[in-house]
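Chain by chain, the residues run as shown.
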Amino acid sequence: MENLIFSLNATIPVFLLMVLGYILRQLKVVDEPFVNTLNSFNFKITLPVLLFRDIADSDFYSVWDTRYVLYCFFVTFFCIAVIWLLTAFLYKDKTHAGEFVQASFRGSAAVLGIAFIQNIYGNAGMAPLMIIGTVPLYNIAAVLILSFTGPHREASGKKALLKSVKGILTNPIIIGIFLGMAISSAGLRFPFIISKSIDSVSSLATPLALLGLGAGFEGRKALKQIKPTIFCSAVKLLVQPLLFLPLAAALGFRDEKMVAILIMLGAPTTVSCYIMAKNMGHEGTLTSSVVVATTFFSSVTITLWLFVLRSFGLI
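This one's a predicted model, so the numbers in the text were calculated from it and none came from an experiment.

When helices and strands are counted, the chain shows 15 helices and zero strands. Residues classed as buried in the chain amount to 50% of the 315 residues present. Put simply, of all contacts in the chain between residues at least 6 apart along the chain, 86% involve residues at least 24 apart.

Encoded structure:
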């Protein structure tokens, strides 16, 4: 019972904030332009500042773990490659193959990942190292897959890839992480006035991000493309954690590192998948359905995985 309560305490507050965002949208307290602005503000300001603060305040040399970053990178790469390969042979509807692959591997590592870890441990924990190992690869792979499977793949592939590389180099979250690493490794400390201001901005990150995610939730779209949505959601929420959490445990990863790996493997599909799919000429219906379905069901599956990890003494 203690392990179950721990798991519920880690997940329910996160999803209650998302539910509140959804209710506010239905009551028309907030509208779509506000949600778009809020999501942009979180992505460009609050989340990068939160990650910057947590890394800058830590001892970089004691926190950095090359083996952990490489694990995150190669597991992500393996999942992408296998899903893409199997989809090419088994997925009959080639018009939606690219969307299926992207939605199967690309989770909400930054928004929900930070929210869960912060809810359990009080800070971003190992989320920044996990993000370094996964997010750049997410972006490059998504562009390649959507380019090669899209309606304009021959003309737009190279241009889209260059745009993706530029996007990674200018990604506010990545910039925040590396600036924090630079400050931490140099041993610099901010005056109280600056530090307090940074803390105030970073404290907005998690609640605003979850409210924005909930307010952008569109349940009706989950009824479309129901069979591939279910299969894709199962791969994202169940299959990947089932395969690679035991490997992480065998390699000795525990506590914050294990929770970050769980988020890497089993977090719901990120909303940016839909945005990218639409911008690259895909229909987007399957992607939006998977985003909605995985966001809804992850409240159960992440609680379940946390309960299992807690029961085995891994967190």
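After that view of the structure, there is still more to cover.
A word on the pattern of salt bridges. A full pass over the atoms with the stated rule returns two salt bridges. Between Asp-65 and Lys-257 there is a salt bridge, and its shortest N-O distance comes to 2.5 Å. Of this pair, Asp-65 sits in the loop between helix H3 (60-63) and helix H4 (66-90) while Lys-257 is found in helix H13 (residues 255-266), placing the two residues 192 residues apart along the sequence. Here Asp-65 falls in the buried class, since its relative accessible area comes to 16%.

A word on helix H15 (residues 285-311). Under the 1.5 Å per step criterion, the end-to-end length of H15 is 38 Å for 27 residues, consistent within 8% with the ideal 39 Å. Remark: the principal bend of H15, roughly 50°, maps to Ser-298. Immediately downstream of H15, the backbone of Gly-313 shows phi near 70°, a positive value.

Our focus in this paragraph is the packing of aromatic side chains. Two measures describe an aromatic ring pair: the distance that separates the ring centres and the angle between the ring planes. Counted under the stated rule, the structure contains nine aromatic pairs. Considering the side-chain rings of Phe-73 and Phe-74, the 5.2 Å spacing of their centres and the 85° angle between planes classify their relative orientation as edge-to-face. When the centroid spacing of 5.1 Å and the interplanar angle of 85° are considered together, the rings of Phe-296 and Phe-297 count as edge-to-face. Residue Phe-297 is classed as partly exposed on the basis of its relative accessible area of 45%. One aromatic cluster is present, formed by Tyr-68, Tyr-71 and Phe-253 through successive ring pairs.

The final tally for this structure, using the stated rule, is two cavities of 30 Å³ or more. Looking at the largest cavity, the residues that line it are Val-75, Thr-76, Cys-79, Phe-105, Tyr-138, Gln-240, Met-264 and Leu-265. Secondary structure elements with two or more residues in the lining of the largest cavity: H4 and H13. Here the lining of the largest cavity gets three residues from one element, more than from any other, and that element is H4. If you go around the second largest cavity, the residues you meet are Ser-108, Leu-112, Leu-213, Pro-268, Thr-269, Thr-270, Val-271, Val-291 and Thr-295.

What follows concerns the confidence of the model for the chain. Of all residues in the chain, 90% attain a pLDDT of 70 or more, and the chain-wide mean is 82. The secondary-structure element of the chain with the lowest mean pLDDT is helix H8 (residues 153-169), recorded at 64, while helix H12 (residues 226-250) shows the highest, at 93.

It is worth spelling out the packing of helix H2 (residues 32-56) against helix H9 (residues 172-186) at this point. At a minimum axis separation of 8 Å, H2 and H9 run at an interaxial angle of 25°. Comparing their axes, H9 and H2 come out roughly parallel. H2 and H9 meet at a crossing whose hand is right-handed. On H9, the residues touching Phe-43, Lys-44, Leu-47, Pro-48, Leu-51, Phe-52, Ile-55 and Ala-56 of H2 are Pro-172, Ile-173, Gly-176, Ile-177, Leu-179, Gly-180, Met-181, Ile-183 and Ser-184. Taken together, the residues of the contact of H2 with H9 sort by class into 13 nonpolar, three polar and one charged.

Parameters at a glance
- Residues numbered from 1 in each chain as written.
- Predicted model: local features only at pLDDT ≥ 70, side-chain atom pairs only at ≥ 80, totals over all residues.
- Heavy atoms only, no water.
- Helix = DSSP H or I, 4+ residues; strand = E, 2+ residues; numbered from the N terminus.
- Buried < 20%, exposed > 50% of the residue type's maximum accessible area, 1.4 Å probe, protein only.
- Contact = heavy atoms within 4.5 Å.
- Salt bridge = Lys/Arg side-chain N within 4 Å of Asp/Glu carboxyl O.
- Expected span 1.5 Å × (residues − 1).
- Bend = angle between axes of the 7 residues up to and from the residue.
- Phe/Tyr/Trp six-rings, centres within 6.5 Å; stacked < 30°, edge-to-face > 60°.
- 1 Å grid on protein atoms, 1.4 Å probe; cavity = no way out; pocket = protein on both sides within 12 Å on 5 of 7 lines; lining within 4 Å.
- Points joined across faces, edges and corners; volume = space filled by probe spheres on them.
- pLDDT = per-residue confidence, 0-100.
- Axes fitted to C-alpha atoms, helices over the stretch in contact; angles between N-to-C directions.
- Parallel < 35°, antiparallel > 145°, perpendicular 65-115°, else oblique.
- Left-handed = near helix turned anticlockwise from the far one by under 90°.
- Nonpolar A, V, L, I, M, F, W, Y, C, P; charged D, E, K, R; others polar.

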